[in-house]
Every structure is written in structure tokens, then in C-alpha cells.
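The chain contents come next:
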Amino acid sequence: MTRLWRDEEPAAESAGSLGATALAWLPAGDYEHALQLWPEFAASDLVTGPDGPLPHALYCRALQQKLVEFAEAGFPGLAVAPVRVEPFTAWCAEQGQRPDSAEARAEYAAHLTAQGDPGVTPWPPSRNDPCWCGSGRKYKKCCAAPRFVDAHPPR
């Protein structure tokens, strides 16, 4: 069973019964496009900072923190599923979903994972693997670097 992740946290008590947890993530370019297209996404806790939407790098750091929290809570099989605006919007039209919906992003992440999409990245990557965020840096020098794993990510 693939756990859907929406913009809120799943209950910790359900962690032991899950097979996998796929988190929807918008890559650079798609993230900025989604902020313009989907007001509900732009207003979500994961992307909103004190001065409005977070820059993409800080959005990735906030998602990294969620991944760390899920891992600490015992969620198995964590993965990051890239949500590209155009294919996602087409999928939503086929499925009768609203692209602005956190539920639709979660279902799409589960769909990508179930289909074995090559873009879905198991988390955490090895220290020397490329970072899941697409920066091109090694994971150990990017999202896994201690300076980025913060108990209180910027909001």
C-alpha cells in the first residue's frame, strides 16, 4: 500500500501499517509555476513563509524536514515523487481532480510511485548520491547537510 501525503501530516499511529509513503514535490520551475496557478498551494503551510511563498531552495528544505520527521516517526519506504505541472494537470483532467487540491497532488504522487516512474526517488538517498531536490550536488552537501536539517525550518 502506498501512503498518500497531502499538505498535512499523517497520523503517527498509522506509521506501522504502511507499505510506503510518497511525498509530492514540485521541482524548480514547476514550483514557481504552481505558485502562480494554484492559490491553495501557494497558501499552504509547506510553502508559505513570513514574507509570502518560500524560494524553491527553502521549500525543498521544508520538505526535507518533513521527510526527517516522517522517518523519525517510523514511516517506511519514504520516497519523493516529482509533480510536473503539465503532466499533473493533464492527469487531473483525466481523473476529474482539481490541480489546486492537496489531495490530488497526493494521489498523483501515489500514482507515480505505483507506476514505477523513474523520477520517484527513494528517500534518503546515499550520502554520495545526487540530492533528491535536483540541485546537482551530493545529498551530503545539500539537503542532508546539518545546516539545512533544522528542527524549526523557516516558514
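Just so you know, these numbers come straight off a predicted model, no measurement behind them.

Novice: Would you mind going over the overall build of the protein with me for this structure?
Specialist: Helix and strand counts for the protein come out as five helices and six strands. Counting helices and strands in the order they occur from the N terminus, the protein gives β-β-α-α-β-β-α-β-α-α-β. In the protein, the proportion of contacts linking residues at least 24 apart, taken out of those at least 6 apart, comes to 62%. Total accessible area on the protein is roughly 7700 Å²; 52% of this is exposed by carbon and sulfur atoms.

Novice: How do you make sense of the pairing of strand 2 (residues 20–25) when you look at a structure like this?
Specialist: It is a general feature of regular strands that their side chains alternate between the two faces of the sheet. Among the six residues of strand 2, six are classified as buried, and the element is accordingly described as predominantly covered. Side chains A20, A22 and A24 of strand 2 all project onto a buried face; the interleaved residues T21, L23 and W25 project onto the opposite face, where all are buried too. Relative to strand 5 (residues 78–82), strand 2 runs parallel, the two sharing five bridges. Its bridge partner lying in strand 5, W25 is registered against P82.

Novice: What is the right way to look at the pattern of salt bridges in this model?
Specialist: A side chain of one charge can pair with a side chain of the opposite charge if their charged atoms are brought near each other. Inspection of the entire model under this criterion finds two salt bridges. The shortest N-O distance in the salt bridge between R84 and D30 comes to 2.9 Å. Here R84 is found in the loop between strand 5 and helix 4 (85–95), whereas its partner D30 is found in helix 1 (residues 30–37), with 54 residues between them in sequence.

Novice: Mind showing me how you'd approach the pairing of strand 5 here?
Specialist: Of all five residues that make up strand 5, five are buried, and the element is covered over most of its length. Neither face of strand 5 is open: one carries L78, V80 and P82, the other A79 and A81, and all of them are buried. Pairing analysis gives two bridges linking strand 5 to strand 6 (residues 121–122), with the strands arranged antiparallel. Counted as the bridge partner of V80 is T121 from strand 6.

The rules behind each value
- Residues numbered from 1 in each chain as written.
- Predicted model: local features only at pLDDT ≥ 70, side-chain atom pairs only at ≥ 80, totals over all residues.
- Heavy atoms only, no water.
- Helix = DSSP H or I, 4+ residues; strand = E, 2+ residues; numbered from the N terminus.
- Contact = heavy atoms within 4.5 Å.
- Areas by Shrake-Rupley, 256 points an atom, 1.4 Å probe, with all protein chains shown as cover.
- Buried < 20%, exposed > 50% of the residue type's maximum accessible area, 1.4 Å probe, protein only.
- Pairing = 2+ DSSP bridges.
- Salt bridge = Lys/Arg side-chain N within 4 Å of Asp/Glu carboxyl O.

These figures come from the coordinates and say nothing about function on their own.
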